[in-house]
Amino acid sequence: EAQVTQNPRYLITVTGKKLTVTCSQNMNHEYMSWYRQDPGLGLRQIYYSMNVEVTDKGDVPEGYKVSRKEKRNFPLILESPSPNQTSLYFCASRSADTDTQYFGPGTRLTVL
Amino acid sequence: GEDVEQSLFLSVREGDSSVINCTYTDSSSTYLYWYKQEPGAGLQLLTYIFSNMDMKQDQRLTVLLNKKDKHLSLRIADTQTGDSAIYFCAERGYSSASKIIFGSGTRLSIRP
């Protein structure tokens, strides 16, 4: 089954404690993205990757890092989380030659 | 910069038609999308339209595009309780590498 998986689905942490949210897709997609969803703001892109070892900043990259060492994985790293990073995070992937973007189920992060 | 705007809420009676509106600012937008987000889930692509089209119909869904006014709408005929969700309008430019810009989402609620 074609899918994008994210882990964990829910996470409560404290300010400053490094965390990683994993994202994996099984469709051999070139493009992968991370978004955060906040009430009234829709989805805002954090980082995206057009292929292995190619990553670029989206609209709200501050406080986040990503890596793309393998095509299927695109982890989101928060080196020192802060309360303003409390949000719902979505990973997404799509093929370079189609417009269908597949979204993961989301990770709800709370930073205390 | 590019912007996509939608109203936040819409309430319709079951069996009526729902019309969700969206405006965008980027005149170079080439692909315009409608995504559906059900509670607790990620976004699912419902339909999309190219900028050289003015209408697309797919079963109960009709998308209308007014390129001159940069206005996109999604009409859902015979709205059912299962249509309750948040609907996101999104756009991107011609290049397959272009960023997808999302609106803030319209929450559609169905009343009996």
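Residues numbered from 1 in each chain as written. Chains lettered and ligands numbered in written order. Predicted model: local features only at pLDDT ≥ 70, side-chain atom pairs only at ≥ 80, totals over all residues. Heavy atoms only, no water.

(A) The arrangement of the overall build of chain B in detail. When helices and strands are counted, chain B shows zero helices and 11 strands. Overall, chain B shows an N-to-C arrangement of helices and strands of β-β-β-β-β-β-β-β-β-β-β. Taken over the C-alpha trace, chain B has a radius of gyration of 13 Å; the compact-globule value for 112 residues is 13 Å, and the two agree within 12%. Along the three orthogonal principal directions, the C-alpha set of chain B runs to about 40 × 30 × 20 Å. Per-residue burial for chain B yields a buried fraction of 46% across its 112 residues. For chain B, restricting intrachain contacts to residue pairs at least 6 apart in sequence, the fraction spanning at least 24 positions comes to 56%. Across chain B, the centroid of the 12 positively charged side chains sits 1 Å from that of the 13 negatively charged ones. (Helix = DSSP H or I, 4+ residues; strand = E, 2+ residues; numbered from the N terminus. Rg over C-alpha atoms; globule rule 2.2 N^0.38 Å. Buried < 20%, exposed > 50% of the residue type's maximum accessible area, 1.4 Å probe, protein only. Contact = heavy atoms within 4.5 Å. Lys, Arg positive; Asp, Glu negative; His and termini not counted. Charge placed at Lys NZ, Arg CZ, Asp CG, Glu CD.)

(B) Spatial organisation of the overall build of chain A. A tally of regular secondary structure across chain A gives zero helices and 11 strands. Going from the N terminus to the C terminus, chain A shows its helices and strands as β-β-β-β-β-β-β-β-β-β-β. Whereas a compact globule of 112 residues would reach a radius of gyration of roughly 13 Å, chain A reaches 13 Å, a difference of no more than 12%. Overall, the C-alpha framework of chain A stretches about 40 × 25 × 25 Å when taken along its three principal axes. Looking at chain A as a whole, 50% of its 112 residues qualify as buried. Taking the contacts inside chain A whose residues are at least 6 apart along the sequence as the reference set, 53% of them involve residues at least 24 apart. Counting 13 positive and 11 negative side-chain charges, chain A places the averaged centre of each group 7 Å from the other.

(C) Spatial organisation of unusual backbone geometry. Along the chain, Asn7 of chain A connects to Pro8 of chain A via a cis peptide bond; the corresponding omega equals -5°. Of note in this structure, Asp78 of chain B is not a glycine but carries a positive phi near 50°. Structurally, Asp78 of chain B is set in the loop between strand 8 (71-76) and strand 9 (85-92). According to the relative accessible area criterion, Asp78 of chain B is partly exposed, its value standing at 40%.

(D) Expanded view of the interface of chain A and chain B. With 21 residues of chain A at the contact, the number on the chain B side is 21 residues. Together, the buried faces of chain A and chain B total about 1600 Å²; carbon and sulfur atoms form 51% of this surface. When the area that chain A buries against chain B is broken down by residue, the three leading residues are Leu43, Asp99 and Phe103 of chain A, summing to 33%. Linking chain A with chain B are zero salt bridges. Linking chain A to chain B there are one residue pair in polar contact (both at pLDDT 80 or more). (Buried area = accessible area lost by both parts, 1.4 Å probe. Salt bridge = Lys/Arg side-chain N within 4 Å of Asp/Glu carboxyl O. Polar contact = N/O pair within 3.5 Å; in protein donor to acceptor, adjacent residues only side chain to side chain.)

(E) Structural view of the confidence of the model for chain B. Overall, the prediction assigns chain B a mean pLDDT of 90, with 95% of residues at 70 or greater. Within chain B, no element has a lower average pLDDT than strand 10 (residues 101-102) of chain B, which sits at 88, and none a higher one than strand 2 (residues 9-13) of chain B, at 97. (pLDDT = per-residue confidence, 0-100.)

(F) Just the sheet that holds strand 3 (residues 18-24) of chain B, in detail. Residues and elements named next belong to chain B. Taken in spatial order, the five strands make up an open sheet running 1-3-8-7-6, and their pairing is antiparallel. Looking at which strands have only one partner, the edges of the open sheet turn out to be strand 1 (4-6) and strand 6 (55-58). Going from strand to strand, the sheet's axes swing by 15° on average, the running direction of each strand aside. (Pairing = 2+ DSSP bridges. Axes fitted to C-alpha atoms, helices over the stretch in contact; angles between N-to-C directions.)

(G) Expanded view of a nonpolar patch on the surface. Among the surface-exposed residues, Ile12, Val14 and Leu112 of chain A lie close enough to one another that they form a single nonpolar patch of about 330 Å² accessible area. In this fold, Leu112 of chain A is placed in the segment after strand 11 (107-111). (Patch = residues over 30% accessible without salt bridge, like charges linked within 9 Å, V, L, I, M, F, W, Y side chains within 5 Å. Areas by Shrake-Rupley, 256 points an atom, 1.4 Å probe, with all protein chains shown as cover.)

(H) Expanded view of the state of the cysteines. Overall, the coordinates contain two disulfides over all chains when judged by the stated rule. A sulfur-sulfur separation of 1.8 Å characterises the disulfide bridge that pairs Cys23 of chain A with Cys91 of chain A. Looking down the S-S bond of the Cys23 of chain A and Cys91 of chain A bridge, the torsion is -75°, so its handedness is left-handed. Pair noted here: Cys23 of chain A is in strand 3 (residues 19-25) and Cys91 of chain A is in strand 9 (residues 87-94), with a separation of 68 residues, a long-range link. By the burial criterion, Cys23 of chain A is buried, and Cys91 of chain A matches it. There is a disulfide in this structure between Cys22 of chain B and Cys89 of chain B, and the S-S distance comes to 2.0 Å. Residues Cys22 of chain B and Cys89 of chain B are joined by a disulfide whose S-S torsion is about -65°; by sign, that bridge is left-handed. Of this pair, Cys22 of chain B sits in strand 3 while Cys89 of chain B sits in strand 9, and the two are 67 residues apart along the sequence. Take Cys22 of chain B: its relative accessible area is 1%, and that puts it in the buried class. We classify Cys89 of chain B as buried; its relative accessible area is 1%. (Disulfide = S-S within 2.5 Å.)

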